[in-house]
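Okay, here's what each chain looks like letter by letter:
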Amino acid sequence: MAHPTRLFIFDQLSHGERCVCELTKMIGADMSTVSRHLAVLKGAGVVDDEKRGAQVFYKLRMPCILNFFECVESVIRAKAQAQLSLTQ
């Protein structure tokens with residue numbers, strides 16, 4: 001899940017569902033690459049998909065996963081601040 005593209009997808013899905021075509025445009029990669037990242041996320045159980053006609057829409061299965069990322073971000077910030085205080 002730590003791949004930058006997957007983190008971007010998480011961020012976008014935190015604002016609501018998106019179709020693969022939207023994510024492809026936002027990421028600037030080909031559809032097969034974006035679909036592969038989405039398949040990894042779906043396999044991990046963190047996103048759900050819904051086919052509507054020819055389009056597939058994705059949404060976060062468990063929005064609470066965003067709390068995990070906020071926690072990780074806090075840990076990284078604290079570590080960076082501690083490192084910075086050691087250099088001063």
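Residues numbered from 1 in each chain as written. Predicted model: local features only at pLDDT ≥ 70, side-chain atom pairs only at ≥ 80, totals over all residues. Heavy atoms only, no water.

*Asks:* What am I meant to see in the sheet that holds strand β2 (residues 47-52) here?
*Replies:* In a beta sheet, neighbouring strands pair by backbone hydrogen bonds and run either parallel or antiparallel. Strand order across the open sheet formed by 3 strands is β1-β3-β2, with antiparallel pairing between neighbours. With one partner strand each, in any of the chains shown, β1 (18-19) and β2 form the two edges of the open sheet. (Pairing = 2+ DSSP bridges. Helix = DSSP H or I, 4+ residues; strand = E, 2+ residues; numbered from the N terminus.)

*Asks:* I would appreciate a short explanation of the confidence of the model for the protein chain in the present structure.
*Replies:* Atomic detail in the predicted coordinates should be set aside for any region of low pLDDT. Considering every residue of the protein chain, the mean pLDDT works out to 88; 98% of them sit at 70 or more. Averaged over each element, pLDDT in the protein chain is lowest for helix α4 (residues 65-87) (79) and highest for β1 (96). (pLDDT = per-residue confidence, 0-100.)

*Asks:* Is there a simple way to explain the environment of Val56 in this structure?
*Replies:* With respect to the helices and strands, the residue Val56 is situated in strand β3 (residues 55-60). For the pair Val56 and Cys21, spaced 35 residues apart in sequence, the C-alpha separation works out to 8.4 Å. Each residue touching Val56, except ones within four places of it in the same chain, is listed here: Arg18, Cys19, Val20, Asp49, Glu50 and Lys51. (Contact = heavy atoms within 4.5 Å.)

*Asks:* Teacher, can you tell me more about helix α1 (residues 4-13) here?
*Replies:* Along an α-helix, a turn takes 3.6 residues, which lines up residues three or four apart on a common side. For α1, the full list of buried residues reads Thr5, Arg6, Ile9, Phe10, Gln12 and Leu13. Along the axis of α1, the buried positions cluster into a sector of 165 degrees, meaning they face one direction only. (Buried < 20%, exposed > 50% of the residue type's maximum accessible area, 1.4 Å probe, protein only. Arc of directions from axis to C-beta.)

*Asks:* What is the right way to read the packing of helix α2 (residues 20-27) against helix α3 (residues 31-43) from this model?
*Replies:* When two helices pack together, their arrangement is given by the angle between the helix axes and by the axis-to-axis distance. Packing of α2 against α3 brings their axes to within 9 Å, and their N-to-C directions diverge by 110 degrees. Viewed along their axes, α2 and α3 adopt a mutual orientation that is roughly perpendicular. In this structure, the crossing between α2 and α3 has a hand that is right-handed. Seen from α2, the contacting residues are Val20, Cys21, Leu23, Thr24 and Ile27; seen from α3, they are Met31, Val34, Ser35 and Leu38. Its residues assigned to classes, the contact of α2 with α3 comprises 7 nonpolar, 2 polar and no charged. (Axes fitted to C-alpha atoms, helices over the stretch in contact; angles between N-to-C directions. Parallel < 35°, antiparallel > 145°, perpendicular 65-115°, else oblique. Left-handed = near helix turned anticlockwise from the far one by under 90°. Nonpolar A, V, L, I, M, F, W, Y, C, P; charged D, E, K, R; others polar.)

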